[in-house]
Amino acid sequence: MKLKIALFAALALVPVLSFDVSVSAQGVVVPIICDIRPCRPRPIPRPVPLPNALPVKSINIDTKIDGQVARTHVEQVFRNDTPYTLEGTYFFPIPETASIVEFAIWEDGKRLVGEVRSREEARRIYDEIVRRQRDPGLLEYAGKDLFQASIFPIPPHSDKKLELFYTQVLKAESGTASFKYPLGTGRNVWSRPQQVSQTPAVPQSFGTVSGKIELKAKQPLRNIYSPSHSIEVKRTSETSASITFETKNSNNDFQLFYGLFNEDFGLSLITHREPGRDGYFMLLLSPRDDAADRELVSKDIVFVLDTSGSMADEGKMEKARAALLFGVRTLKNGDRFNVFGFAGEERPMERGLIAADAAGKRRAEEFIQRLSPTGGTNINDALVAAAKQFDGSDRPKMLVFMTDGLPTVGERSVEGIIKNFKAVESKGIRVFPFGFGYDVNTALLDRLGSENAGISEYVQPKEDLEVKVSAFFSRVSSPVLADVEIDLGAADAEFVYPRKPGDLFRGMQITIIGRYKNNSDLRNLAVALRGKDQREVRTFNFRGLELPLRNEENDFLPRLWASRRVGHLIEQIRLNGETKELRDEVTELGTRFGLVTPYTSYLATDGTVVNAGDVVTRQRIMSAAPAKMAERSGADAVQMSVQQNSMMRNTQIVEEKAKDARERILVDNTATSQFFAGKNFSLQNGVWIDSEFAEGSGLSEKTVQFGSEDYFKLAASVPGLARYFSVGEQVVVVWHGQVYRVKNEK
């Protein structure tokens, strides 16, 4: 049967259903035992405990976006692993501006569609369940106009599939539209184990989430970006794209941004600012995907490959040769290049740069094939000789330097090598150092990159050298705009990263993240982009951008900015030495934003990376940090450089459990540590403490008893507060300049 649509309505069908429409949240099913209707909650203890919410077995999201109109079809499968027949109450507030098209439940292979009921009934049921369950996690839904459905029966040891269709008009700000599917809200219901009587806690789970977004527009699509998930983007045309993702046991909201631009370059501005605080912004800049080869900027590049005896180990020489051959083949007509091999002394292919035409590439292939590993490692002379290859032209200049060892011949000190390189480098050469393995000097490679507008890369023994180096060559093969500069106009910006954007390449985008402090709304901000194309220096102006005093959307931005800032600070400490100011800022940002740093986090025995919660652990970590920061070679030094560099160019807030724990950026959410809705909480003596809270801060405080009428009134009356109350039964949180305490005095 057909659904009658009405905003803020609830629906019913046989089996019994009711629903109500509205704002962002992930669907949960809160169960009670129900052999026959009408259901009555059974008293506890029970022979087998019930979960707070039924485990989510899978979610499949299929969205079609045409311009700014999105049509979303969601299939959710929940699992009843108990021996009971259950009734479940389903809550799913949908995004703002959305309208329900259809809701259906599958029963015995049949699809049952609902009819309309009243909003008041849905709200009454929610309020009743919140008070009955005494589960603070349900407060994530407080203040929202809930889509609610009562589902019966849910047979024992069975799956229950639900379907939801809704449409919405997507918001667009500063030329950028955004789509959000809120997977994260509700996690404090299903992610927290529930203890029932003396029986063990029931483990909760969140299964596979897969999504497909078909994107179409009348204008060219640019800056397709997700801060929350690793996505695969397939461009079907200039105005259409297919985006897919899949995760398991992840509860991050899915967020997608895209811009619509007819110009040669597309610039998107994303912002976040809480009242009374500094704001955060992200600029996404990308060229047309169909930029022709004739529009590319011709470059000069010198490849320098270590051919010392150690390169014979583990097949490194063969893989390096293959990667280098790939790099030569990516060169464009108009490029110039040279190849150096070096061991005890350097061996150039030619005396100077040669054209990257067919003859030049054949010459390079013959030279590279003859390179063989032998002798020591004279890094100093190889760098100096390579730098002398470049002339004073205004072409982009790149030096790709690949080594697997420490300097053993000639000048060996980091300071000496850097000094000698600077003495001959006055032409704006970008240096991209690659370290193969662990027997490299990270201080030298990191400085070569950071002081010469590049960044160091490391290929660890567990990684494929050929694949990683070839991927780099693919990225930098086609510059569209060189020496990019961004003028933020009237924006009062600070701590903007990267400090030098470098070059803009075809098929790539530059992501700039910073903080702003303007005292008023900027509603018509003009941003200028400058850079060199194939012929001249050009300026592109982007107008009508906004830096608002208040925008509580995009709350991933503060954590993203903090990760870049911490990466920069760690680099400064490792290169120039620790100061109290640098150490304290790393500690404060790492604690507040749940970031992995040598001063705040450690690897737990269960393999998770967590921030120190107690004083003794914090002191132990702080005491060990200086020695870690001073390491220059070996596995720990390389992994710290990998982590530091990942932070400095980070564009996503994504859990990285597959990565080595020492290379992760974000601490793990655990039973004693939770980063949630932009705040980092740690469990101390049974109380979840906001990392922004400090005893004696002088902020006014409000204390309420968990589950009391004052508790529910406060959660409903202060916008945004209820989600933090959902963290646990005892919470201390700082919100909009006031401290709120929830106590649970039995």
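Values in this document were obtained by computation on a predicted structure and should not be read as measured data.

J.: Would you explain the overall build of the chain in this entry?
T.: Counting its secondary structure elements, the chain contains 14 helices and 40 strands. Per-residue burial over the chain gives 55% buried out of 746 residues. The contacts of the chain with a sequence gap of at least 6 include a subset with a gap of at least 24, amounting to 73%. Here the chain displays about 30,600 Å² of accessible surface, and carbon together with sulfur accounts for 49% of that area.

J.: Even after reading the chapter, I still don't get the pairing of strand β2 (residues 28-33), so can you show me in this structure?
T.: The side chains of a regular strand alternate, first on one face of the sheet and then on the other. Counting buried positions along β2 yields six of six residues, so the element is predominantly enclosed. Residues Val28, Val30 and Ile32 line one face of β2 and the alternating positions Val29, Pro31 and Ile33 line the opposite face, and both faces are buried. With six bridges joining them, β2 and strand β5 (residues 86-91) adopt antiparallel strand pairing. Considered in β5, the bridge of Val28 is made with Phe91.

J.: What is the right way to look at the nonpolar core in this model?
T.: Here is a general trend for soluble globular proteins: nonpolar side chains tend to be buried in one another's company. Residues Tyr90, Phe179 and Tyr181 are the most contacted members of the largest nonpolar core, which totals 43 residues. In this structure, Tyr90 is in contact with Gly27, Val28, Val29, Gln76, Phe78, Phe103, Phe147, Gln148, Ala149, Ile151 and Leu162, ignoring residues within four places of it in sequence.

J.: Explain the environment of Thr82 to me, please; I cannot follow it from the model alone.
T.: With respect to the helices, strands and loops of the structure, Thr82 is situated in the loop between β4 (69-80) and β5. With 75 residues separating them along the chain, Thr82 and His157 place their C-alpha atoms 5.9 Å apart. Sequence-distant contacts of Thr82, that is, excluding residues within four places in its chain, are made with Leu50, Pro51, Pro156 and His157. Within the structure, the side chain of Thr82 is placed 2.7 Å from the side chain of Asn80, a separation counted as a polar contact.

J.: So what exactly am I meant to see when it comes to helix α13 (residues 709-717) here?
T.: Working note: α-helix, 3.6 residues per turn, so residues spaced by three or four point in the same direction. Listed as buried for α13 are Tyr711, Phe712, Leu714 and Ala715. One side of α13 carries all its buried residues, which in axial view fall inside an arc of 160°. Seen from the buried face of α13, the exposed residues on the opposite side, beyond 90 degrees, are Asp710, Lys713, Ala716 and Ser717.

J.: Any chance you could explain unusual backbone geometry here in plain terms?
T.: Generally, phi is negative for residues other than glycine and the peptide bonds are trans, each holding for most cases. Cis rather than trans, the peptide bond between Phe152 and Pro153 has omega equal to -5°. Within the secondary structure, Pro153 sits in strand β9 (residues 148-154). In this structure, the amide linkage connecting Tyr497 to the following residue, Pro498, adopts the cis form with an omega of 0°. The residue Pro498 is located in the loop between β28 (493-497) and β29 (502-505) in this model. We note that Glu314 has phi near 55°; this positive angle belongs to a residue other than glycine. Phi at His736 takes a positive value of approximately 50°, unusual for a residue other than glycine. Residue His736 is classed as partly exposed on the basis of its relative accessible area, which comes to 42%.

J.: What should I look at first to understand the sheet that holds β5 in this one?
T.: Paired through backbone hydrogen bonds, the strands of a sheet run either parallel or antiparallel to each other. With antiparallel pairing, three strands are arranged side by side in an open sheet as β2-β5-β9. With one partner strand each, in any of the chains shown, β2 and β9 form the two edges of the open sheet. Going across the sheet, the axis of each strand differs from the next one's by a mean of 25°, ignoring polarity. The pairing of β5 with β9 spans five bridges and is classified as antiparallel. Its bridge partner lying in β9, Tyr90 is registered against Ala149.

J.: How should I be thinking about the sheet that holds strand β18 (residues 265-273) in this particular structure?
T.: Read across the sheet, four strands follow the order β18-β19-β30-β28 without closing on themselves; strand pairing throughout is antiparallel. Looking at the sheet topology across the chains shown, the edges are occupied by β18 and β28. Shown here is a sheet whose adjacent strand axes are inclined to one another by a mean of 20°, direction ignored.

J.: Looking at this model, I keep getting lost on the packing of helix α6 (residues 414-424) against helix α7 (residues 442-450). Mind explaining?
T.: Helix packing geometry: the angle between the two helix axes and the distance between the axes. The interhelical angle for the contact between α6 and α7, taken along N-to-C directions, is 25°, at an axis separation of 10 Å. Of the possible angle classes, the one that applies to α6 and α7 is roughly parallel. Crossing angle aside, the handedness with which α6 passes α7 is right-handed. Together, Val414, Glu415, Ile417, Ile418 and Phe421 of α6 and Ala443, Leu444, Arg447 and Leu448 of α7 make up the contact between the two elements. By residue class, the composition of the contact of α6 with α7 is seven nonpolar, no polar and two charged.

J.: Looking at this structure, how should I read the pattern of salt bridges?
T.: Following the criterion strictly, the structure yields 50 salt bridges and no others. Two residues, Arg530 and Asp487, come together in a salt bridge whose shortest N-O distance is 3.7 Å. With a gap of 43 residues between them, Arg530 in strand β31 (residues 522-532) and Asp487 in strand β27 (residues 479-487) connect regions that are remote in the sequence. We classify Asp487 as partly exposed; its relative accessible area is 33%.

J.: It is not clear to me how the side chain of Thr597 should be interpreted in this structure. Could you clarify?
T.: Secondary-structure assignment places Thr597 in the loop between α10 (580-593) and β33 (601-603). Taking the relative accessible area as the measure of exposure, Thr597 reaches 3% and is therefore buried. Side chain to side chain, Thr597 and Thr600 meet in a polar contact 2.7 Å long. Not counting residues within four places of it along the chain, the set of residues in contact with Thr597 comprises Val566, Val586 and Gly590.

J.: Mind showing me how you'd approach a negative patch on the surface here?
T.: Together, Glu96, Glu173, Glu553 and Asp555 make up a region of like negative charge exposed at the surface. With respect to the element layout, Glu173 can be found in strand β11 (residues 172-173). Overall, Glu173 belongs to the partly exposed group, its relative accessible area being 39%.

J.: Quick question: what am I supposed to make of the environment of Thr89 here?
T.: Along the polypeptide, Thr89 turns up in strand β5. Considered as a pair, Thr89 and Ile151 are 62 residues apart in the sequence and their alpha carbons are 6.1 Å apart.

J.: Just checking my understanding: could you explain the pairing of strand β25 (residues 430-436) for this structure?
T.: Counting buried residues in β25 gives seven out of seven residues, a clear majority hidden from the surface. Of the two faces of β25, the one carrying Arg430, Phe432, Phe434 and Phe436 and the one carrying Val431, Pro433 and Gly435 are both buried. As defined by bridge partners, strand β24 (residues 397-403) adjoins β25 across six bridges and the pair is classed as parallel. Bridge pairing in β25 places Thr403 opposite Gly435. Following the backbone out of β24, through α6 and into the adjacent parallel β25, one traces a crossover that is right-handed. Summarising the sheet, β25 and strand β26 (residues 457-459) pair through three bridges and their orientation is parallel. What sits directly across from Phe436, in β26, is Val459. In this view, the connection linking β25 to its parallel neighbour β26 by way of α7 has right-handed handedness.

Cut-off values and rules
Residues numbered from 1 in each chain as written. Predicted model: local features only at pLDDT ≥ 70, side-chain atom pairs only at ≥ 80, totals over all residues. Heavy atoms only, no water. Helix = DSSP H or I, 4+ residues; strand = E, 2+ residues; numbered from the N terminus. Buried < 20%, exposed > 50% of the residue type's maximum accessible area, 1.4 Å probe, protein only. Contact = heavy atoms within 4.5 Å. Areas by Shrake-Rupley, 256 points an atom, 1.4 Å probe, with all protein chains shown as cover. Pairing = 2+ DSSP bridges. Core = buried A, V, L, I, M, F, W, Y, C linked by side-chain atoms within 4.5 Å. Polar contact = N/O pair within 3.5 Å; in protein donor to acceptor, adjacent residues only side chain to side chain. Arc of directions from axis to C-beta. Axes fitted to C-alpha atoms, helices over the stretch in contact; angles between N-to-C directions. Parallel < 35°, antiparallel > 145°, perpendicular 65-115°, else oblique. Left-handed = near helix turned anticlockwise from the far one by under 90°. Nonpolar A, V, L, I, M, F, W, Y, C, P; charged D, E, K, R; others polar. Salt bridge = Lys/Arg side-chain N within 4 Å of Asp/Glu carboxyl O. Patch = residues over 30% accessible without salt bridge, like charges linked within 9 Å, V, L, I, M, F, W, Y side chains within 5 Å. Lys, Arg positive; Asp, Glu negative; His and termini not counted. Charge placed at Lys NZ, Arg CZ, Asp CG, Glu CD. Right-handed = clockwise from strand over helix to strand, strands pointing away.

This is a description of form; function is not addressed.
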